Amino acid sequence: MSHIKWRNVIFALIAVFALVAASCSSSEDADEPQVVEPAPTSAPEPAEEPEPADEPEPAEEPELAEEPEPADEPADEPEPEPEPTPEPTPIPVPEGSTVGITDDTIKVAILRSDSKSLEEAGILPDTGDIPRNYEVFAEQVNARGGAGGRNIEIVHHDYPPGASATDQQAACIAATEDDQVAIVHFVGGVAAETVLCATEGHERIAYMLSGILPQEIYDRSDGRLFSQAMTTERLVGAWPTMADAQGLLEGRTLGLMRGDIGEHEVAAEALKAALADAGYELADEVALPCQGTSCSQVDIGLERMQAAGVDTVFSILPPSPFGIGVFLASQGGWEPQWLVSDIENLVFASVAQAVFSRGPDPTLFYGLYGLSYGLDRLSPDEHSIECNAVFTEVTGIEYDIVENEDAWSAVGSTCLFIKNLEAAGNWSQETYGTVNQTTLIQGFESLTDYKLGDITGSWSPTKHDAPDAITLKEYRADCACWVEIDGARMMLDQ
């Protein structure tokens, strides 16, 4: 063989060995064998391709651990810690006087006309032991914690029946300056100047059981005056409407007799304005000189009324001059229709018994009509029944609701004042954590559900006279009593 052929053979063998080596190397690294490209035509045929190696079976995947089966109910998650309760923002306590108010006591003065001598003489009906009423119910309140946690301490000051404002000043000064009380409570028969002595002059809270006063007195009292009675303007302003509804004004000639005093002048202006609204006017108006409950020149006033042809008289005279006027008019042959009101307490059974039934001819007062907010006689409501039961249990004294009607009613009235004071004090303490004059006033204003017998009403920040209804009553001389006319009750705007 020639040297060149051997060289070619050797080159071919080297190429074959290289291809085989590459094929073997590829089969170990890849899943499938690589296809060998054919050699060039000048090279010898390659050897047969080796069988591809069996693909290795995949390794068995490791068995996963079995998941635990869920429990029937999920495990209780721990409750989150409660959010801390924020401290309430304290309510600012309004500034106010604490005269008569300590951490332990609230001092109250009871001022009233001492009519016991007239009661014992049979001139006025028996009203019982008024001072004892207040003591009994104050002790009851104190036993259950007091008013705003403070014991109610009672002092008493009296003035004579029919006392003028000058006579009443001594009682006011004794209560405010000597006793340093927080509240002056007027039972009845009080003059406007005496109320202002307490509220305006000495800046104390005043609470009136009865008595009609002009709105001006409430305004001058700067929110310190509260009353279970009605303002002059609200009462008198409804008078013509009530009288007209009963047919007492149509076709009549109207006159007015009053005292020459400030409160009566306010009433006269309110009456004339209300009459004008109803389409009426006065034929004459007479203002008599008056001092306290006494008036002079009654006969002269009657002559003026008669000369003006008046046949229906609105009277706001005190009881004594009014009674005198009725009898003098009758003696002169003049018997007009008389209309009176709760101003000067004329629509009270006690006044009727003292004045109307003691003259020579009580029948003269038949047909006398009285406008009232209803304090005269308390119906046997739940409050008054309960208070009388307590009073009897404590004292052993029992008033018959018919035979001792005035005393029975007095128990209910005095009891209501003490309960209202308790409620106002508790409201003040619960709201502000303390009691002073300002918070106590707000406490009284919060008593929006007022009820005493047939009297319903409310107090509020803008209204300090409680009653909200009026009625018309007719006087009957056979019983010396007032009887409410059916259907005459009327609600007033608050």
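Up top you'll find the structure we're talking about.
These remarks concern the structure in this document.

Calculation notes
Residues numbered from 1 in each chain as written. Predicted model: local features only at pLDDT ≥ 70, side-chain atom pairs only at ≥ 80, totals over all residues. Heavy atoms only, no water. Pairing = 2+ DSSP bridges. Helix = DSSP H or I, 4+ residues; strand = E, 2+ residues; numbered from the N terminus. Axes fitted to C-alpha atoms, helices over the stretch in contact; angles between N-to-C directions. Contact = heavy atoms within 4.5 Å. Salt bridge = Lys/Arg side-chain N within 4 Å of Asp/Glu carboxyl O. Buried < 20%, exposed > 50% of the residue type's maximum accessible area, 1.4 Å probe, protein only. Disulfide = S-S within 2.5 Å.

**What about the sheet that holds strand E5 (residues 225–227)?**
- Spatially, E2-E1-E3-E4-E5 is the arrangement adopted by the five strands of the open sheet, whose pairing is parallel. With partners counted over all chains shown, the strands left at the sheet margins are strand E2 (151–159) and E5, one partner each. On average, each strand axis in the sheet is inclined to that of its neighbour by 20°, with strand direction left out of account.
- Where strand E1 (residues 105–113) meets E2, nine bridges bridge the pair, whose relative direction is parallel. Looking across to E2, one finds that Ile110 is bridged to His156.
- Strands E1, E2 and strand E3 (183–186) of the sheet are contacted by helix H4 (residues 165–178), whose axis makes an angle of about 155° with E2.

**Focus on the pattern of salt bridges**
- Counting across every chain of the model gives 15 salt bridges.
- Salt-bridge contacts for Glu422 lead to Arg144; the nearest nitrogen and oxygen are separated by 2.8 Å. With a gap of 278 residues between them, Glu422 in helix H14 (residues 405–432) and Arg144 in the loop between helix H3 (130–143) and E2 connect regions that are remote in the sequence.
- Classification of Glu422 by relative accessible area gives buried; the value is 12%.
- For Arg144, a relative accessible area of 49% puts it in the partly exposed group.
- Close ionic contact of Glu285 with Arg258 constitutes a salt bridge, the shortest N to O distance being 2.8 Å. Remark: Arg258 occurs in strand E6 (residues 254–259) and Glu285 occurs in strand E7 (residues 282–288); sequence separation between them is 27 residues.
- If you follow the salt bridges from partner to partner, you end up with Arg234, Lys463, Asp465 and Asp468 in one network.

**A short note on the state of the cysteines**
- Tallied over the entire structure, the rule returns three disulfides.
- Each sulfur of the disulfide joining Cys172 and Cys197 lies 2.0 Å from the other. Since a negative S-S torsion denotes a left-handed disulfide, the Cys172-Cys197 link at about -100° is left-handed. In this pair, Cys172 sits in helix H4 while Cys197 sits in helix H5 (residues 192–201), placing the two residues 25 residues apart along the sequence. Like Cys197, Cys172 is buried.

Worth remembering: the numbers are spatial, not functional.
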